[in-house]
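Chain by chain, the residues run as shown.
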Amino acid sequence: MAECVVHDWQGKEAGKASLALKVSKETTAVDLMHRAVLRQQAHSRQGTASTLTRAEVRGGGRKPYKQKGTGRARQGTIRTPLRPGGGIIFGPKPRTYNLAMNRKERRLALRTALMARIEDVIVVKDFGNSLKVPKTREISDALIRLGLAADAKVLIILSTPSEIIRRSVRNLEKVKLIAADQLNVFDLLHANSLVLSEEALAKIQEVYGDD
């Protein structure tokens, strides 16, 4: 179990909260998180790169010149890979880059990544509830009050992000907003700091704490 300090919207301490999640053994934690990140990045690849082989390139049906008597190497088609405009040898074809990882391992990697960053977690009470209209400046000022640098990469995790919060955050280049039940290992490890609402902390305990 880990304890986090809870702050209010003004950045002042307003209590403490705890998070208890089962994590991987220390000897296998790094390997598990590494495989989870590789899987996530591999799944983001489209795999649509495609080239034409000599059989697929248009044209080249006629022999370019006679077999003998020219003093040149024999050629059967102008679409040979040896000529410009010809086919591509061993070029890429559409494929999937997906990597297999079972559900238990994925959830364990997620819990391990989150608990590994527990020292960088900042819990905020009633995050953004006072916002009535989208306002990016309010979010950036709040992050500064929480002690975060203006150029820090911040991951904001909310239970159910409202449209006002989404529109307020989307113009901040280094701030990313996700829902508490849609966590991923890459974002947890990539950010410099994690900002969670109290509701998000409870949601994470509910969704990921049952294994």
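Scoring rules and cut-offs
- Residues numbered from 1 in each chain as written.
- Predicted model: local features only at pLDDT ≥ 70, side-chain atom pairs only at ≥ 80, totals over all residues.
- Heavy atoms only, no water.
- Buried < 20%, exposed > 50% of the residue type's maximum accessible area, 1.4 Å probe, protein only.
- Helix = DSSP H or I, 4+ residues; strand = E, 2+ residues; numbered from the N terminus.
- Arc of directions from axis to C-beta.
- Contact = heavy atoms within 4.5 Å.
- Core = buried A, V, L, I, M, F, W, Y, C linked by side-chain atoms within 4.5 Å.
- Pairing = 2+ DSSP bridges.
- Axes fitted to C-alpha atoms, helices over the stretch in contact; angles between N-to-C directions.
- Parallel < 35°, antiparallel > 145°, perpendicular 65-115°, else oblique.
- Left-handed = near helix turned anticlockwise from the far one by under 90°.
- Nonpolar A, V, L, I, M, F, W, Y, C, P; charged D, E, K, R; others polar.

Trainee: Sorry if this is basic, but what is going on with helix α3 (residues 136-145) here?
Mentor: An α-helical segment advances 3.6 residues per turn. Residues three or four places apart therefore align on the same side. All buried positions along α3 are accounted for by I139, A142 and L143. The buried residues of α3 occupy one face: seen down the axis, they fall within an arc of 100°. Opposite the packed face of α3, turned more than 90 degrees from it, sit the exposed residues R137 and I144. Lining the buried residues of α3 we find β4 (154-158), α4 (163-169), β5 (175-179) and β6 (193-197). Looking one or two residues past α3, G147 carries a phi angle of roughly 90°, positive in sign.

Trainee: I'm lost on the nonpolar core in this one. Help?
Mentor: For soluble globular proteins, the rule of thumb is that nonpolar side chains tend to be buried together. Residues L19, L114, I157, L183, L188, L194 and I204 are the most contacted members of the largest nonpolar core, which totals 33 residues. With 5 residues, the single largest contributor to this core is helix α2 (residues 103-116). L143, L148, V169 and L172 belong to the second-largest nonpolar core, a separate cluster that totals 20 residues.

Trainee: I tried to follow the pairing of β4 on my own but got confused; where do I start?
Mentor: Looking down a regular strand, the side chains alternate between one sheet face and the other. With respect to burial, β4 is a largely interior element, 5 of its 5 residues being buried. Side-chain alternation along β4 places V154, I156 and L158 on one buried face and L155 and I157 on a second face that is also buried. Pairing of β4 with β5, which is carried by 5 bridges, proceeds in the parallel orientation. When the sheet's bridge partners are listed, L158 is paired in β5 with A179. The sheet contact formed by β4 and β6 spans 4 bridges and is parallel. Opposite V154, over in β6, you have S193 as the bridge partner.

Trainee: I tried to follow the packing of α2 against helix α6 (residues 198-208) on my own but got confused; where do I start?
Mentor: What describes two packed helices is the angle between their axes and the distance between those same axes. The interhelical angle for the contact between α2 and α6, taken along N-to-C directions, is 150°, at an axis separation of 12 Å. Relative to α6, the element α2 is oriented roughly antiparallel. As α2 runs across α6, the sense of the crossing is left-handed. Here R107, L110, R111 and L114 of α2 come into contact with α6, specifically with I204, V207 and Y208. Taken together, the residues that form the contact of α2 with α6 break down as 5 nonpolar, no polar and 2 charged.

Trainee: When you look at the environment of A36 in this model, what are you seeing that I'm missing?
Mentor: Tracing the backbone shows A36 in helix α1 (residues 26-43). Measuring from C-alpha to C-alpha, the distance between A36 and R107 comes to 9.5 Å, with 71 residues separating the pair along the chain. Leaving out residues up to four positions away in the same chain, A36 has contacts with M101, A109 and V185.

Trainee: What is the right way to look at the sheet that holds strand β1 (residues 2-7) in this model?
Mentor: Strands in a sheet are paired, the pairing made by backbone hydrogen bonds, and the direction either parallel or antiparallel. Ordered by their spatial adjacency, 6 strands build an open sheet running β2-β1-β3-β6-β4-β5, and the pairing between neighbours is mixed. With one partner strand each, in any of the chains shown, β2 (13-19) and β5 form the two edges of the open sheet. Along the sheet, successive strands turn relative to each other by an average axial angle of 30°, direction set aside. Contacts from α6 reach β1, β2, β3 (121-124), β4 and β6, with the element oriented near 95° to β6.

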